[in-house]
Structure formats: structure tokens, C-alpha cells
Amino acid sequence: MGEWRISRYSGEDNCVEVALGPAAKIRDTKDRSGGTLEISTRSWEALLSALCRPGTLDLPQV
């Protein structure tokens, strides 16, 4: 499994971390021992792709 990485666009402890490998593992930087979400790398790539094209997401306005 890869090492944990934090987005360069976030603050020191106001983000999520991701570790890439056979699966993508995601955790909260403020609660690292609170649990880890594990998804397939294919799902991770689909999420990133959708986030890079915000017009394709069907999210409610906040």
C-alpha cells in the first residue's frame, strides 16, 4: 500500500488523506484512527474525473 498523502490545496489538518495501491484508502486528517474508507482504484479515478468536470455532477446547490 502506498504512503498517505494530503492535498497540497488543504491546510495542515483540514482535509482527507489518501493512500493509493491495489485499492484507494481514504481517511480524515483530524481523526486518523477513526476509520478508513476503502474503494477500488477504478472508483477513485472515476471520482477524481467527475470532480475535475463539475458540470457532470448532479449535486444540489448549497
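*Asks:* What is the right way to read the overall build of the protein from this model?
*Replies:* Looking only at helices and strands, one finds one helix and four strands in the protein. Out of the 62 residues in the protein, the part that is buried amounts to 18%. Sequence separation of at least 24 residues holds for 7% of the intrachain contacts in the protein that already meet a minimum separation of 6.

*Asks:* Help me understand the layout of surface pockets in this model?
*Replies:* To locate leftover empty space, one rolls a probe as large as a water molecule over the atoms. Taken as a whole, the largest pocket holds about 330 Å³ of empty space. Lining the largest pocket are Arg5, Ile6, Ser7, Arg8, Tyr9, Cys15, Val16, Glu17, Val18, Leu20, Trp44 and Leu48. Broken down by secondary-structure element, the contributors of at least two residues to the lining of the largest pocket are β1 (5-6), β2 (16-20) and α1 (41-52).

*Asks:* Sorry if this is basic, but what is going on with the pattern of salt bridges here?
*Replies:* When the charged atoms of two side chains with opposite charge come close together, those side chains can pair. Going through the model one piece at a time under the given rule, you end up with three salt bridges. When the shortest N-O distance is used, the salt bridge between Arg32 and Glu17 registers 2.9 Å. Here Arg32, found in the loop between β3 (23-28) and β4 (37-40), pairs with Glu17, found in strand β2; they are 15 residues apart in sequence, far enough to count as distant. The exposure class of Arg32 is partly exposed, given its relative accessible area of 41%. The partner of Glu38 in a salt bridge is Lys25, with the nearest N and O atoms 3.9 Å apart. Placement of Glu38 in strand β4 and of Lys25 in strand β3 is noted, with a sequence separation of 13 residues between them. By sharing partners, the salt bridges in this structure join Glu17, Arg27 and Arg32 into a single network.

How each quantity is defined
Residues numbered from 1 in each chain as written. Predicted model: local features only at pLDDT ≥ 70, side-chain atom pairs only at ≥ 80, totals over all residues. Heavy atoms only, no water. Helix = DSSP H or I, 4+ residues; strand = E, 2+ residues; numbered from the N terminus. Buried < 20%, exposed > 50% of the residue type's maximum accessible area, 1.4 Å probe, protein only. Contact = heavy atoms within 4.5 Å. 1 Å grid on protein atoms, 1.4 Å probe; cavity = no way out; pocket = protein on both sides within 12 Å on 5 of 7 lines; lining within 4 Å. Points joined across faces, edges and corners; volume = space filled by probe spheres on them. Salt bridge = Lys/Arg side-chain N within 4 Å of Asp/Glu carboxyl O.

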